Amino acid sequence: MSNSQSKNSQKKSKVSRRRFLGDMAGTACGVGLFGLGIGLYSKSANAIKPLAIRPPGALAEEDFLAACTRCGICVRDCPYDILKLAQIGDDVPTGTPYFTARTGPCEMCEDIPCIPNCPTGALDHSLVDINKAKMGVAVVVDQETCIAFLGLRCEVCFNVCPVRGKAITIEPKHNKRSGRHAMFIPVVHSQDCTGCGLCEKACILEDAPAIKVFPEHLAKGDLGHHYRVGWEQEKANGGSLIKAKDKHQYNLPEGVRYDYEGVGLITDEAGNPIIDQSLIKPKQKTELKENKKPVSNNPLDILNQGIKEAE
Amino acid sequence: MVAAKKNEIIGKEAIEKKGWWQSYKWLLLRRLSQISILLLFMLVPICRWLSPEADCALGWIIKGNLASSKVFNTIPLTDPTLLLQMLASGFSKIAMDAIIGAIIVLVFYFLVGGRVFCSWVCPVNIVTDAAFWLRRKLKLTGGARFSRSIRYWVLGMILVLSAVTGSLAYELINPVSMLHRGLFFGMSLGWFVIVAVFLFDLFVAKRGWCTHICPMGAFYSLVGKVSPLKVRADARSACDDCGECYVVCPEPQILKPVLKGEEKGIFPVIQAGECTNCGRCVDVCAEEVFHFGLRYKNNQSKVNKAIGNKHEVIT
Ligand code: SF4
Ligand code: SF4
Ligand code: SF4
Ligand code: SF4
Ligand code: SF4
């Protein structure tokens, strides 16, 4: 009897263990699906939206979304009340602070009150000069309706810019249409533009402005990293980086000479490079002597090579 | 579980015996605490709304929301679950304020009981309590049953999620922060999430969100496991099995072992971290079995008093 009892309890414990494992797997799956749902949603929700112009000092977006607790202290500390916390359904990740330049641009407060109370460092406390802020970059997006491009005087965006003359300049251009007037074109220089959006707010067009602030990575291309802009390097260096003594690394055909002191390629009168036989290595010399071309011009020769030799 | 007998109105007997205030005290204090915390955050915005001219900025007692805030513009507070997610996301340049703030909050809830956050602070608790109340009034029973330990899995899941997405992904949908933030900064579609939680608790599962799923509640349960301030049932021998505490308690599974554990030598303290220190059991118990106390020492005087009371009533 005791035997059957123990068997029974064994069976029971087996069943309950199986149920326990089943429950656990169910729980894990359910929670996993829940997580997957949020994960997928976060993929689209966290994708950087053109609308999300962040407060000054905001870290790069991927860091910002890990750091900002969405507490809204920055919102509270902005005296112009331009910052908002995104609500679910907005085009900005839920709860994160942003502003809409067209309706409420950043006034570029000198003491940047929105930054120092940010508890997480999502707004970089080391930013103390508002002129160094990088909230975005203004772009003259519509060069068809911007009235400067129509040949009219406007320059409103230029005049409201707090970094006027550096971030935005007016460049005179010839008006081809009239043939005898100048056009005064606003040009943004991304290096100095803070992305405050005052220009976007001020743009005199109705509804949508011709000049618009975008997050920097949307506004700017990325020059291939192997490019060196020579004139800028030259400016930074205070003179040409290329010195006469630096040997050029041209891979010239054998026998061709190059003068590094300014003459350049040594050519005959017709401009063809002179082949200096003394520079050619002996092995090739013998080949030339035999006048045997290394590769025939006739493709059939190459195809038939083996056959001929076999014959 | 013991079914609530006798009374339709929960706590009727307690009201008759102890008076109205003693039977609703903790519930009312709790609501007062939840609402005043909301009001404190809103003081300046309300002031600005009433008189746009006045300099309301002096009134910043607490600024921000439950995620992070500053008290008197100096003392930082940060939700430790957010700090955990931040760490999990791999963000390394966390400012000192957030770390100090999380430690302050953690120490506070360690002292008063982890889930004091749930029952005394969290605004969603008002929503889920309302759903539970309505569920009882409408006599809705049944619904989905699932394990109460799911919340710990969810807690783990949101940390993994932070690591995988490199962001505070759970904050996109967290109803707790959404409601708290929304009340101050605008809710818009956030109401749908709150209504969803309400309906889930009303129709899908009894005490569905807070007792089964919410990872913040799970985190604070872990803190509560070691908290010194606890509900004690020193006078458990006076329990007359009316079952009312089981009805009101959001975590009824934790009551029985303590109430019925005298023979088994279980300490008369509700040690489970899941207890929210809401004190509702203290309120509704006509026999005054429960009281707040420290988890450590025995408290014989209270026992004698409660048992003495009972004898008086009987004789
Ligand atoms: S710099 Fe001034 S106006 Fe701009 S977001 Fe900060 S506080 Fe607001
Ligand atoms: S103060 Fe910092 S953490 Fe808070 S919402 Fe603003 S950026 Fe985010
Ligand atoms: S956004 Fe416009 S106004 Fe602001 S700095 Fe740039 S160019 Fe100037
Ligand atoms: S379990 Fe979550 S939602 Fe419920 S009261 Fe606690 S923190 Fe708030
Ligand atoms: S045991 Fe009492 S104090 Fe704890 S959650 Fe239940 S009713 Fe509230």
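Described in the following lines is the structure provided in the data block. Fair warning: this is a prediction, and the values are worked out from it, not measured in the lab. (Residues numbered from 1 in each chain as written. Chains lettered and ligands numbered in written order. Predicted model: local features only at pLDDT ≥ 70, side-chain atom pairs only at ≥ 80, totals over all residues. Heavy atoms only, no water.)

### Some points on a nonpolar patch on the surface
At step 1: Taken together, the side chains of L183, W191, V195, L199, F203 and V204 of chain B make up a nonpolar region of the molecular surface, amounting to roughly 520 Å² of accessible area.
At step 2: With five residues, the single largest contributor to the nonpolar patch is helix α9 (residues 190–204) of chain B. (Patch = residues over 30% accessible without salt bridge, like charges linked within 9 Å, V, L, I, M, F, W, Y side chains within 5 Å. Areas by Shrake-Rupley, 256 points an atom, 1.4 Å probe, with all protein chains shown as cover. Salt bridge = Lys/Arg side-chain N within 4 Å of Asp/Glu carboxyl O. Helix = DSSP H or I, 4+ residues; strand = E, 2+ residues; numbered from the N terminus.)

### Describing the pairing of strand β2 (residues 68–71) of chain B
Residues and elements named next belong to chain B.
At step 1: Residues S68 and K70 of β2 are buried on one face, and the alternating residues S69 and V71, pointing to the opposite face, are buried as well.
At step 2: Across three bridges, strand β1 (residues 62–64) lies against β2 in antiparallel orientation. Within β2, the position partnered with G64 by the bridge is S69.
At step 3: Between β1 and β2, which follow one another and run antiparallel, lie three residues.
At step 4: As paired elements, β2 and strand β3 (residues 75–78) share four bridges and run antiparallel to each other. Paired with K70 across the two strands is P76, which belongs to β3.
At step 5: In this antiparallel pair of consecutive strands, β2 and β3, the connection spans three residues, and F72 shows a positive phi of 50 degrees. (Buried < 20%, exposed > 50% of the residue type's maximum accessible area, 1.4 Å probe, protein only. Pairing = 2+ DSSP bridges.)

### Digging into the packing of helix α8 (residues 175–185) of chain B against α9 of chain B
Residue and element names in this part refer to chain B.
At step 1: The geometry of α8 relative to α9 is characterised by a closest axis approach of 10 Å and an angle of 130 degrees between their N-to-C directions. What the angle tells us is that α8 and α9 run oblique. Handedness of the crossing formed by α8 with α9: left-handed. Between α8 and α9, the contacting residues are P175, M178, L179 and L183 on the first element and G190, W191, V193, I194 and V197 on the second.
At step 2: Residues that form the contact of α8 with α9 fall into these classes: eight nonpolar, one polar and no charged. (Axes fitted to C-alpha atoms, helices over the stretch in contact; angles between N-to-C directions. Parallel < 35°, antiparallel > 145°, perpendicular 65-115°, else oblique. Left-handed = near helix turned anticlockwise from the far one by under 90°. Contact = heavy atoms within 4.5 Å. Nonpolar A, V, L, I, M, F, W, Y, C, P; charged D, E, K, R; others polar.)

All we've got here are geometric facts, nothing functional implied.
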